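Here's the letter readout for the chains.
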Amino acid sequence: MYGTIVKAGTNAKTVSVKVDRFHYNQKYKKLLSKTKVFRAHDEEDYCVVGDKVVIRLCRPISKTKSYYVRNIVKAMPRDYNDS
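To keep things clear, this report deals only with the structure shown in the data block. (Residues numbered from 1 in each chain as written. Predicted model: local features only at pLDDT ≥ 70, side-chain atom pairs only at ≥ 80, totals over all residues. Heavy atoms only, no water.)

Here we come to the sheet that holds strand E5 (residues 65-74). Reading around the barrel, the five strands line up as E1-E2-E3-E5-E4 and close back on themselves, with mixed pairing between neighbours. Strand after strand, the sheet turns through a mean of 50 degrees between neighbouring axes, direction not considered. Of the pairings in the sheet, the one linking strand E2 (residues 14-25) to strand E3 (residues 30-41) comprises twelve bridges and is antiparallel in character. The residue of E3 that forms the bridge with Asn25 is Lys30. (Pairing = 2+ DSSP bridges. Helix = DSSP H or I, 4+ residues; strand = E, 2+ residues; numbered from the N terminus. Axes fitted to C-alpha atoms, helices over the stretch in contact; angles between N-to-C directions.)

And the structure:
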């Protein structure tokens, strides 16, 4: 699934990814969107808010985490001056 990171850095190695899905409604003849937020595992703790990522289903890592960040499609600027 393809989505955008909306929350990162609050929990260790965990990010929240917003995934938008679109479907066509026959009755109203409109394209509607559905949004769902998934919690995903980020092993390197590299992702920041705004990154476009691909997440993939895996075994349950915790009560709420069953996905992991497979790769970053489009990265946002990072601040490396945290020393």
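The subject of this paragraph is the pattern of salt bridges. On inspection of all chains with the given rule, the structure shows two salt bridges. As a salt-bridge pair, Lys13 and Glu43 come within 3.2 Å of each other at their nearest N and O atoms. You can see Lys13 sitting in the loop between strand E1 (2-8) and E2 and its partner Glu43 sitting in the loop between E3 and strand E4 (52-57), a full 30 residues away along the chain. Among the ionic pairs, Arg78 bridges to Asp51, the shortest N-O distance being 2.6 Å. Pair noted here: Arg78 is in the segment after E5 and Asp51 is in the loop between E3 and E4, with a separation of 27 residues, a long-range link. Residue classification places Arg78 among the buried positions, given a relative accessible area of 17%. Residue class for Asp51 comes out buried when judged on its relative accessible area of 0%. (Salt bridge = Lys/Arg side-chain N within 4 Å of Asp/Glu carboxyl O. Buried < 20%, exposed > 50% of the residue type's maximum accessible area, 1.4 Å probe, protein only.)

Polar contacts involving the side chain of Arg78 include one to the main-chain carbonyl oxygen of Tyr46, which spans 3.2 Å. At 2.6 Å, the side chain of Arg78 forms a polar contact with the backbone oxygen of Met76. (Polar contact = N/O pair within 3.5 Å; in protein donor to acceptor, adjacent residues only side chain to side chain.)

Before going further, it helps to examine the nonpolar core. With eleven residues, the main nonpolar core is built from Ile5, Val15, Val17, Val19, Phe38, Ala40, Cys47, Val53, Ile55, Tyr67 and Val69. Among the secondary structure elements, those contributing two or more residues to this core are E2, E3, E4 and E5. Here the element with the most residues in this core is E2; it accounts for three residues. (Core = buried A, V, L, I, M, F, W, Y, C linked by side-chain atoms within 4.5 Å.)

We now examine the side chain of Asp51. Polar contacts involving the side chain of Asp51 include one to the main-chain amide nitrogen of Val48, which spans 3.1 Å. Of note is the side chain of Asp51, whose polar atom sits 2.6 Å from the side chain of Arg78.

Moving on to the packing of aromatic side chains. Per the stated rule, a full pass over the model turns up one aromatic pair. The side chain of Arg78 reaches across the aromatic face of Tyr46, ending 4.1 Å from its centre. (Phe/Tyr/Trp six-rings, centres within 6.5 Å; stacked < 30°, edge-to-face > 60°. Lys NZ or Arg CZ within 6 Å of the ring centre and 35° of its normal.)

So, about the state of the cysteines. Going through the model one piece at a time under the given rule, you end up with zero disulfides. Among the cysteines around Cys58, which has no disulfide bond, Cys47 carries the closest sulfur, lying 14 Å off. (Disulfide = S-S within 2.5 Å.)

Any link to function would need more than the numbers given here.
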